[in-house]
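Per-entry structural report
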Amino acid sequence: DPAQRNLIMFAWNAGVELLDNSGGAEGYGNHVTNNFIGTSASGGAMAANNLGVRVRTHENVIEDNLISGNQTHGILIEGPLADANRVSSNRIGLKSFALCFPPPCEADEYALGNIEMGVLVQGGGSGNHIQYNEVAHNGQKGIRLFDGLRNRLLGNSVHRNASLGIDVGVAGVNPEYPGTGSDQLANHGINAPPLAAARGG
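This section reports on the structure supplied with the text. (Residues numbered from 1 in each chain as written. Predicted model: local features only at pLDDT ≥ 70, side-chain atom pairs only at ≥ 80, totals over all residues. Heavy atoms only, no water.)

Remarks on the overall build of the chain
Counted only if it meets this: In DSSP terms, a helix is any run of H or I states spanning at least four residues, a strand is any run of E spanning at least two, and both are numbered starting from the N terminus. Each residue gets one of three labels from its accessible area relative to the maximum for its type: buried under 20%, exposed over 50%, partly exposed in between, using a 1.4 Å probe on protein chains only. By definition in these notes, contact holds between two residues if any of their heavy atoms fall within 4.5 Å. Methods summary: accessible areas were calculated by the Shrake-Rupley approach with a probe of 1.4 Å, and residue burial reflects only the protein chains presented. Lys and Arg are tallied as positive, Asp and Glu as negative. Neither His nor the chain termini are counted. In plain terms, the charge of a residue is placed at NZ if it is Lys, CZ if Arg, CG if Asp and CD if Glu.
Looking only at helices and strands, the chain features 0 helices and 17 strands. With the C-alpha coordinates of the chain rotated into their principal frame, the extents come out at 60 × 50 × 25 Å. Residue burial in the chain is summarised as follows: out of 201 residues, 43% are buried. Partitioning the contacts of the chain with sequence separation of at least 6, the portion at a separation of at least 24 is 63%. When the accessible surface of the chain is summed, it comes to about 10200 Å², and 53% of that surface belongs to carbon and sulfur atoms. Averaged over its 12 positive side-chain charges, the chain has a centre that lies 4 Å from the centre of its 18 negative ones.

Observations concerning the environment of leucine 18
Position of leucine 18 among the secondary structure elements: in strand E2 (residues 14–18). The spatial distance from the C-alpha of leucine 18 to the C-alpha of asparagine 60 is 8.4 Å, given a sequence separation of 42 residues. If we ignore the near neighbours within four places in the chain, the residues touching leucine 18 are Asn30, Val32, Arg54, Val55, Arg56, Thr57, Asn60 and Ile62.

A look at the state of the cysteines
Going by this rule: Disulfide assignment relies on a single distance test, namely cysteine sulfur atoms paired within 2.5 Å.
Overall, the coordinates contain 1 disulfide when judged by the stated rule. Between the sulfur of cysteine 100 and that of cysteine 105 lies a disulfide, 2.0 Å long from S to S. Linking cysteine 100 and cysteine 105, the disulfide has an S-S dihedral of approximately 110 degrees and is accordingly described as right-handed. Cysteine 100 sits in the buried class, given a relative accessible area of 12%.

Thoughts on unusual backbone geometry
Across the junction of phenylalanine 101 and proline 102, the peptide omega takes the value -10 degrees, indicating a cis bond. Structurally, proline 102 can be placed in the loop between strand E10 (91–92) and strand E11 (119–122). The omega torsion across proline 103 and proline 104 is 5 degrees, close enough to zero to call that bond cis. As for its placement among the helices and strands, proline 104 is situated in the loop between E10 and E11. In this structure, asparagine 34 takes a positive phi of about 65 degrees despite not being glycine.

So, the sheet that holds strand E8 (residues 75–78)
Within a sheet, adjacent strands bond to each other through the backbone by hydrogen bonds, running parallel or antiparallel. Spelled out, the test is: Any two strands are treated as partners once DSSP identifies two or more bridges connecting them. To obtain an axis, a line is fitted to C-alpha atoms, over the contacting stretch when the element is a helix, and the angle between two such axes runs from 0 to 180 degrees between their N-to-C directions.
What the 6 strands build is an open sheet, ordered E2-E5-E8-E11-E14-E17; its pairing is parallel. The open sheet terminates on both sides in strands that have one partner only, identified here as E2 and strand E17 (166–168). The sheet shows a mean angle of 10 degrees between the axes of neighbouring strands, direction not considered. Across 4 bridges, E8 lies against E11 in parallel orientation.

Observations concerning the sheet that holds strand E16 (residues 157–159)
The 6 strands lie next to each other as E1-E4-E7-E10-E13-E16, forming an open sheet whose pairing is parallel. A single partner strand is all that each edge strand has here, and the edge strands are strand E1 (7–8) and E16. Where E1 and strand E4 (residues 36–37) come together, 2 bridges link them in parallel fashion. By the bridge assignment, leucine 7 is partnered in E4 with phenylalanine 36.

Observations regarding the side chain of asparagine 85
Applicable threshold: Polar contact criterion, stated in full: a pair of N or O atoms within 3.5 Å, where within protein one must be able to donate a hydrogen and the other to accept it, and residues adjacent in sequence count only if both atoms are side-chain atoms.
If you trace the backbone, asparagine 85 turns up in the loop between E8 and strand E9 (86–88). Given the relative accessible area of 2%, asparagine 85 is considered buried. In terms of polar contacts, asparagine 85 uses its side chain to reach the backbone amide nitrogen of asparagine 60, at 2.9 Å. Residues within four places of asparagine 85 in sequence aside, it is in contact with Val55, Thr57, His58, Glu59, Asn60, Ile77, Gly127, Asn128 and His129.

And the structure:
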């Protein structure tokens with residue numbers, strides 16, 4: 001419920017960190033739900049953390065949050081222990097709402113982007129699900145899968161980011177068939193499937 005929401009702002013490192021410790025043990029299976037991370041209490045103005053959410057452990061759920069206005073990334077999933085996390089139904093880089101007179105609102109009225117990526121996965125985390133999020137107005141890519149295997153992107157709305165909406169493997173649009181070693185890259189290093197045929201009226 002809204003009354004249970006945390007307002008997480010002005011953290012010099014990250015608003016929320018789910019970390020492994022130096023001995024290799026880690027806390028896992030946490031839920032971060034229905035918070036405003038990097039915004040004011042209204043959800044309409046920036047109150048930036050350096051980073052919104054950092055995840056270095058496994059089986060966590062990041063769900064139904066507003067993660068906007070942060071100085072680097074909205075969500076960073078990093079490291080070899082960052083497996084099987086679920087990032088679902090978050091607004092990343094947008095305001096919670098916009099007041100427009102007269103309605104309807106223009107798309108840019110909702111803009112409250114994170115300065116860098118909306119979501120970044122790096123350092124070998126695998127089996128993560130990034131699904132049903134709206135990722136928009138961020139200063140670089142919307143969703144960036146640098147490496148890791150079996151990370152799934154499902155049903156997201158990714159639009160109006162300053163660079164590619166989704167970027168996998170080597171930065172930028174990659175060759176259709178990246179070649180040797182591509183089986184160890186995110187999505188085998190392929191940004192988009194080849195189109196063999198098209199037809200229509």
